[in-house]
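Summary of the model geometry
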There are 2 protein chains.
Amino acid sequence: MTETEQDFARHNARMKRVQAARERMQARRTLERGLLIVHTGNGKGKSSSAFGMAIRSLGWGMKVGIVQYVKGSWETGEKNFFQANPDLLTFEVMGEGFTWDTQDRARDIEAARAAWERSKELILDPDYDFIILDELNIVLRQDTLPIDEIVAFLKDRPLTKHICITGRSAKPELIQIADLVTEFGEVKHPYHAGFKAQKGVEY
Amino acid sequence: MTETEQDFARHNARMKRVQAARERMQARRTLERGLLIVHTGNGKGKSSSAFGMAIRSLGWGMKVGIVQYVKGSWETGEKNFFQANPDLLTFEVMGEGFTWDTQDRARDIEAARAAWERSKELILDPDYDFIILDELNIVLRQDTLPIDEIVAFLKDRPLTKHICITGRSAKPELIQIADLVTEFGEVKHPYHAGFKAQKGVEY
């Protein structure tokens with residue numbers, strides 16, 4: 001054997017051991033039920049990652065519902081796509097924009113309440129397998145909805161479906177009851193280099 | 001005015017100031033060109049976030065190409081969805097599975113090389129606006145493709161389109177030339193609680 005062939009043979013033998021170790025690890029993972037998923041942190045990707053899971057779920061024939069809590073008054077790529085393909089999933093744009101744009105606390109509370117009531121309907125509807133509550137964390141962080149009420153409902157949720165909640169600054173009470181939490185950390189963001197938010201990337 | 005009304009009025013006035021500050025900040029962000037995006041870290045969501053940006057891009061009428069470097073031999077939600085909707089985007093599954101499953105270094109190198117050649121075609125094709133190189137980081141980390149060659153090509157890339165590269169353990173050389181880098185941090189993962197990987201979430 002050449003030196004390269006020897007290297008490859010060693011690599012292949014090592015991978016056989018890695019595979020065996022992974023199989024033992026997978027065999028211990030037997031639980032299966034609907035997960036409560038939280039995407040938080042200052043980095044980019046929290047909502048888009050939820051939309052990606054929606055696509056995966058659709059690929060398995062699962063029924064998906066999305067409620068957007070903040071976005072609403074402006075055009076986004078996801079809104080264009082899902083509204084152009086209404087048979088794919090239920091897409092409810094119930095936000096009225098950032099609080100600094102609405103400048104109306106009473107209206108913010110009313111919009112958030114309506115979005116939460118719709119979210120509860122989708123969560124309780126046995127037809128749905130995956131529910132995304134996009135930017136709910138923002139609303140909770142601003143106490144526009146009471147965290148205790150939301151946590152009590154989610155603790156008692158049907159365990160037959162996944163729920164994914166996005167938005168920076170997730171409340172500790174929510175992280176505590178979640179099954180899967182990812183913190184999206186900003187390493188480099190083009191904003192700081194003077195770039196505009198761009199179609200397809202940020203919205 | 002009641003106390004609540006006073007609170008709301010103060011909130012609304014503050015939001016007006018926040019809005020003005022944000023508008024000044026946005027006015028300084030004027031650059032616009034194709035971004036090199038890297039999703040790395042041990043947390044969940046790197047690939048799904050890229051697929052979510054694909055959906056956003058489709059919503060803006062952009063043309064999207066995806067090359068998968070590792071996944072391939074097994075069924076995934078994204079593969080099911082994109083292959084069932086072939087008119088949406090170009091989806092190339094060119095991986096042959098994890099190295100611990102292939103156990104064949106020579107074959108891994110050949111598959112990665114073919115995926116990279118196809119990636120270059122898509123990147124150089126002026127029709128495409130958004131290219132995803134899913135799990136390329138894994139291949140680079142294992143030196144299955146030479147990082148110097150990939151970095152040299154990407155530095156010289158057309159700036160008319162976005163490129164998103166995913167996978168844990170991104171090489172520092174890649175992070176250095178990227179415009180947008182998100183580190184996906186694992187806060188809680190259901191694996192550790194004994195859960196299986198689940199449809200719609202992990203694959």
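The rules behind each value
- Residues numbered from 1 in each chain as written.
- Chains lettered and ligands numbered in written order.
- Predicted model: local features only at pLDDT ≥ 70, side-chain atom pairs only at ≥ 80, totals over all residues.
- Heavy atoms only, no water.
- Pairing = 2+ DSSP bridges.
- Helix = DSSP H or I, 4+ residues; strand = E, 2+ residues; numbered from the N terminus.
- Axes fitted to C-alpha atoms, helices over the stretch in contact; angles between N-to-C directions.
- Buried < 20%, exposed > 50% of the residue type's maximum accessible area, 1.4 Å probe, protein only.
- Arc of directions from axis to C-beta.
- Contact = heavy atoms within 4.5 Å.
- Phe/Tyr/Trp six-rings, centres within 6.5 Å; stacked < 30°, edge-to-face > 60°.
- Core = buried A, V, L, I, M, F, W, Y, C linked by side-chain atoms within 4.5 Å.
- Least-squares fit on C-alpha atoms with pLDDT ≥ 70 in both.
- UniProt positions renumbered as here; feature names shortened; annotations may be inferred.
- Buried area = accessible area lost by both parts, 1.4 Å probe.
- Salt bridge = Lys/Arg side-chain N within 4 Å of Asp/Glu carboxyl O.
- Polar contact = N/O pair within 3.5 Å; in protein donor to acceptor, adjacent residues only side chain to side chain.

**Things to note about the sheet that holds strand 2 (residues 64-68) of chain B**
Spatially, 3(A)-2(A)-4(A)-5(A)-1(A)-6(A)-6(B)-1(B)-5(B)-4(B)-2(B)-3(B) is the arrangement adopted by the 12 strands of the open sheet, whose pairing is mixed. Two strands lie at the open edges of the sheet, namely strand 3 (90-93) of chain A together with strand 3 (90-93) of chain B, each paired on one side alone. Strand-to-strand twist of the sheet, defined as the mean angle between neighbouring strand axes without regard to direction, takes the value 15°. Pairing of strand 2 (residues 64-68) of chain A with strand 4 (residues 130-134) of chain A, which is carried by five bridges, proceeds in the parallel orientation.

**A closer look at helix 7 (residues 147-155) of chain B**
Residue and element names in this part refer to chain B. The set of residues buried in helix 7 consists of I147, I150, V151, F153 and L154. Buried residues of helix 7, seen end-on, are gathered within an arc of 165° and therefore sit on one face of the element. The exposed set on the far side of helix 7, more than 90 degrees from its buried face, consists of D148 and K155. Next to the buried residues of helix 7 lie strand 1 (36-40), helix 5 (105-124), helix 6 (136-141), strand 5 (162-166) and helix 8 (172-177).

**Let's talk about the packing of aromatic side chains**
Using the criterion set out here, one finds 15 aromatic pairs over all chains in the structure. Ring centres 5.6 Å apart and planes at 85° place the aromatic pair W60(A) and Y203(B) in the edge-to-face group. Of this pair, W60(A) sits in the loop between helix 2 (46-59) and strand 2 while Y203(B) is found in the segment after strand 6 (180-188), placing the two residues in two different chains. Residue classification places Y203(B) among the partly exposed residues on the basis of a relative accessible area of 24%.

**As for the pairing of strand 4 (residues 130-134) of chain B**
Residues and elements named next belong to chain B. Among the five residues that make up strand 4, five are buried, leaving the element largely enclosed by the rest of the structure. Here strand 4 shows two buried faces, one formed by F130, I132 and D134 and the other by I131 and L133. Pairing geometry for strand 4 and strand 5, over four bridges, is parallel. The partner of F130 across the bridge, within strand 5, is H162.

**Topic: the nonpolar core**
Within the largest apolar cluster, 43 residues are counted, with the highest numbers of intra-cluster contacts made by F130(A), I66(B) and F130(B). Aside from chain neighbours lying at most four places away, what touches I66(B) is F51(B), A54(B), F82(B), L89(B), T90(B), F91(B), E92(B) and I132(B).

**Digging into the relation of the copies chain A and chain B**
When chain A is fitted to chain B, the residual RMSD is 0.0 Å, and the transformation amounts to a turn of 180° plus an axial shift of 0.0 Å. Put plainly, the chains are arranged around a two-fold axis. Closest approach to the rotation axis within chain A is made by the C-alpha atom of S49(A), at a distance of 1.7 Å. Looking at the interface residues of chain A, 100% of them are also at the interface in chain B, so both copies use one shared face.

**Examining the UniProt feature "coiled-coil region" (unreviewed entry) in chain A**
Following the UniProt record, one finds the feature "coiled-coil region" (unreviewed entry) at residues 1-28 of chain A. Taken end to end, residues 1-28 of chain A is 89% helix and 0% strand, and its two terminal C-alpha atoms sit 39 Å from one another.

**Considerations on the interface of chain A and chain B**
Tallying the contact residues gives 79 residues for chain A and 79 residues for chain B. Summed over both sides, the interface between chain A and chain B buries roughly 7,200 Å², with carbon and sulfur atoms accounting for 62% of that surface. Among the residues chain A hides against chain B, the three largest losses belong to R56(A), W60(A) and K188(A). Together they make up 12% of the total. Across the chain A-chain B interface, the total number found is four salt bridges. Of the charged contacts in the structure, one is a salt bridge between E78(B) and R56(A), with a shortest N-O distance of 2.9 Å. Here chain A and chain B share 44 residue pairs in polar contact (both at pLDDT 80 or more) between them. The set of elements that each furnish at least two residues to the side of chain A that touches chain B consists of helix 1 (3-27), helix 2, helix 3 (77-84), helix 4 (99-102), helix 5 (105-124), helix 8 (172-177) and strand 6 (180-188) of chain A.

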